[in-house]
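# Understanding the architecture of this molecule
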Amino acid sequence: MTAAAGLAGTGPADQGSADTAIEVEDLYKSFGPNQVLSGVCLSVAPHEVVCLIGASGSGKSTLLRCINLLEPISAGRIRLLGQDVTVPGVNANAVRRHVGIVFQSFNLFPHMTVLRNVTLAPVKALGMPRAQAENAAAELLARFGLADKQSEYPDRLSGGQQQRVAIVRALAMQPQVMLLDEVTSALDPELVAEVLDVIRELAGAGMTMLIATHEMGFARDIANRVCFLEEGRIIEQAPPAELFTEPSDERTRRFLRRIVDAGRM
Amino acid sequence: MSDNDFRDGYGTESQGPLGPPGPLAAALSTGGPAAGAFGTAGRGPRLLSGGGRRATVISTASTVVVLAALVAIFLAAPGSSQVRHTFFDPHDMWQSFIGNPKDGYFSVGAAIWLNIRMFLAAEVLILALALVIALIRQSTSPVLFPLRVLAMIYVDFFRGVPLLLVVYAIGFGVPALRLSFVSTQSFAVYGVAALTLSYSAYVSEVYRAGLNSVHQSQVAAARSLGLSHATALRYVILPQAIRNIVPPLLNDFISLQKDTALVGVLGAIEANQAAQIYGSTVFNYSSLTVAAILFLILTIPLARFTDRLIDRDRRRRLAGALT
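Note that the structure is a prediction, hence the values are computed from the model and not measured.

This part takes up the overall build of chain A. A count of helices and strands for chain A gives ten helices and ten strands. Computed over C-alpha atoms, the radius of gyration of chain A comes to 18 Å, within 12% of the 18 Å expected from 2.2 N^0.38 for 265 residues, which places it in the range of a compact globule. C-alpha atoms of chain A, sized along the principal axes, occupy 55 × 45 × 35 Å. The buried share among the 265 residues of chain A stands at 46%. A fraction of 67% describes how many contacts in chain A between residues 6 or more apart in sequence connect residues 24 or more apart.

Now the structure itself:
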């Protein structure tokens, strides 16, 4: 699907190029007096997997939420598939249909079965016939090992299963970009692998992903590029082999040393 | 006894003239002072749960003691026999229950149907109107600012003005306007209107609490999937909000059931009014006891049902916390 078709109906005309899936320019975001993002510049190419690392509070989650238009930005520009989504008049709902996001805390709808969780948005936001949505959902659930969980309610699932359902729920909208916000942070250690495997499979299938994570081993393994954030800025970005072994910036070195000291890498 | 005395008796959950013995004693053992004793001893949501046999023995004993004391005080009171004759005379209770229009009084048993009908009509209207008010108050759009102010004034006003005054104002004020359709309705209709106006203010606050109880991350999850605000509200937020507020909603409806008695002041023959007509015709107030019993029969099942729902929710939450 071309970029223009991908974001059709989202608002003002396409101005940029579609060579990048996500392009963030000089993004500022503050919550009251609290400056969270201070001039973030980042671009993600189609089919690229970019990991964001950094201490808690460095702005990783806020960056993802801004890209999904869940948070109004203070200044800067965000282009998705070549289209500026920060100009006034953009239909945020239409933009979000192309950008899936998965949260740390799963946020499944507790009053709906797994199948309803997955089909709600395709049916209500895209107007897909229910039967078609259910078939597509069943297929996706089966692909991620959740075929037998269709009619369960979320509170009957393990954390890993819930997070996989949350990923399937986002995928059901057939997004062109996936944003993953520390999706394994709330999981018991033995459940982390099953979720990481799902993400690996997505990467293998060519999904464009921007991933905020604390799993350094995973980032090194899966990312085409790793960005280190501190105090709302991208301090350093490089392919994982380079950033993890010979970081050029002192702050990156300090952060990685703390991670190693904590036995997390 | 003046109108107001009697109504106060209802408002404060039956003391004084509607006191213990007779059939009321049974009702009071679940709704009256004994319930407090159970509440602290049992600690569980069910009256007699959580403590095994010893707890059962203690609670039974304390119930018997409390009830016996109340009955003894009642029987030992200087005016006891007179009160028993005036309020608990079986013959008068039966007569007022079946009614006799030829002698100038109505059946309390038939009149309670008007209360039930008014309750059911008001309940539906309240649920709808209160939801609209709550959604307006929760809105954030600048365009809706004037509506938000109106909704706030509405809630402040009707929570602040006694329901009885609202009943009078609607019941006597609207007909006096001599409008073509609006001013020619029955007193029951004005009563339902007054109940709806007043209770919607309370219930809208319950809804609002429910909407606030749904975590913001649910909104984010719904919106992030591309659902519009209205769709997210309809399918994700409201179902969870309503689930959370069923117990307090039912609590308000228990209160609404007996407040239908206030419509009697307009002259509508509901149970309370029928009972008072009997009392002022025959000069025996056992009819009021009959009305009280009928109201209890209506409210107690709803109260127990509410308890059960609260219990279920509590267990679910505990189960959820373990995973």
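Below, the discussion takes up the interface of chain B and chain A. Counting residues at the interface gives 18 residues for chain B and 18 residues for chain A. Mapped by element, the contributors of at least two residues to the side of chain B that touches chain A are α11 (216-224) and α12 (229-259) of chain B. Across the side of chain B that touches chain A, the residue classes break down as seven nonpolar, nine polar and two charged.

Residues and elements named next belong to chain A. With respect to the helices and strands, Ile234 occurs in strand β10 (residues 233-238). C-alpha of Ile234 to C-alpha of Ala205: the two residues are 29 residues apart in sequence and 28 Å apart in space. Residues contacting Ile234, with those up to four places away along its chain left out, are Val40, Cys41, Leu42, Cys227 and Leu229.

Residues and elements named next belong to chain A. Strand order in this open sheet of four strands is β2-β1-β4-β5, and the pairing throughout is antiparallel. The open sheet is flanked by β2 (34-44) and β5 (83-84), the only strands paired with a single partner. Strand direction decides the pairing type here: strand β1 (residues 22-31) and β2, joined by eight bridges, are antiparallel. Looking at the pairing, Glu23 lines up with Ser43 of β2.

This brings us to unusual backbone geometry. For residues other than glycine, phi is negative in most cases, and the peptide bonds are mostly trans. Even without being a glycine, Leu81 of chain A presents a positive backbone phi close to 50°. The residue Leu81 of chain A is located in the loop between β4 (75-80) and β5 in this model.

With that settled, the discussion passes to the pairing of β10 of chain A. Residue and element names in this part refer to chain A. Pairing geometry for strand β9 (residues 225-230) and β10, over five bridges, is antiparallel. Along β10, the bridge assignment pairs Leu229 with Ile234. If you look at the hairpin formed by β9 and β10, you'll find two residues sitting between the two strands, and Glu231 has a positive phi there, around 50°.

Attention shifts here to the confidence of the model for chain A. Segments scoring low in pLDDT should not have their predicted coordinates read at a detailed level. With 93% of its residues at a pLDDT of at least 70, chain A reaches an overall mean of 89. The model gives residues 12-16 of chain A a pLDDT under 50, and that stretch makes twelve contacts with residues more than four places away or in other chains.

It is worth spelling out the sheet that holds strand β7 (residues 177-181) of chain A at this point. Residues and elements named next belong to chain A. Sheet architecture is open: six strands sit in the order β6-β7-β8-β3-β9-β10, paired in mixed fashion. In the strand order of this sheet, the two ends are held by β6 (99-102) and β10, each with one partner. Strand-to-strand twist across the sheet, computed as the mean angle between neighbouring axes with direction ignored, equals 20°. Helix-sheet contacts for helix α6 (residues 159-171) involve β6 and β7, and the interaxial angle to β6 is about 170°.

For the rest of this paragraph, the subject is the packing of helix α9 (residues 163-176) of chain B against helix α10 (residues 187-213) of chain B. Each packed pair of helices is defined by two parameters, the angle between the axes and the distance between the axes. All names here are of chain B. Across the interface, α9 lies against α10 with an axial gap of 9 Å and an inter-helix angle of 140°. Here α10 runs oblique to α9, going by the angle between their axes. Along this stretch, α9 crosses α10, giving a crossing that reads as right-handed. Facing α9, whose interface residues are Leu163, Val166, Val167, Ile170, Gly171 and Val174, α10 presents Phe187, Tyr190, Gly191, Ala193, Ala194, Leu197 and Ser198.

Residues and elements named next belong to chain B. Look at α10: 38 Å from first C-alpha to last across 27 residues, which is about the 39 Å you get at 1.5 Å a residue. In the structure, α10 departs most strongly from a straight axis at Ser200, where the bend amounts to approximately 35°. Counting buried residues in α10 gives 20 out of 27 residues, a clear majority hidden from the surface.

So, about the packing of helix α7 (residues 108-138) of chain B against α10 of chain B. All names here are of chain B. Their axes nearest at 6 Å, the elements α7 and α10 cross at an angle of 45°. The pairing of α7 with α10 is recorded here as oblique in orientation. For the crossing formed where α7 meets α10, the hand is right-handed. A per-class count over the contact of α7 with α10 returns 18 nonpolar, five polar and two charged.

Definitions and limits used
- Residues numbered from 1 in each chain as written.
- Chains lettered and ligands numbered in written order.
- Predicted model: local features only at pLDDT ≥ 70, side-chain atom pairs only at ≥ 80, totals over all residues.
- Helix = DSSP H or I, 4+ residues; strand = E, 2+ residues; numbered from the N terminus.
- Rg over C-alpha atoms; globule rule 2.2 N^0.38 Å.
- Buried ≥ 20, exposed ≤ 12 C-beta atoms within 10 Å, placed from the backbone.
- Contact = placed C-beta atoms within 7 Å.
- Nonpolar A, V, L, I, M, F, W, Y, C, P; charged D, E, K, R; others polar.
- Pairing = 2+ DSSP bridges.
- pLDDT = per-residue confidence, 0-100.
- Axes fitted to C-alpha atoms, helices over the stretch in contact; angles between N-to-C directions.
- Parallel < 35°, antiparallel > 145°, perpendicular 65-115°, else oblique.
- Left-handed = near helix turned anticlockwise from the far one by under 90°.
- Expected span 1.5 Å × (residues − 1).
- Bend = angle between axes of the 7 residues up to and from the residue.

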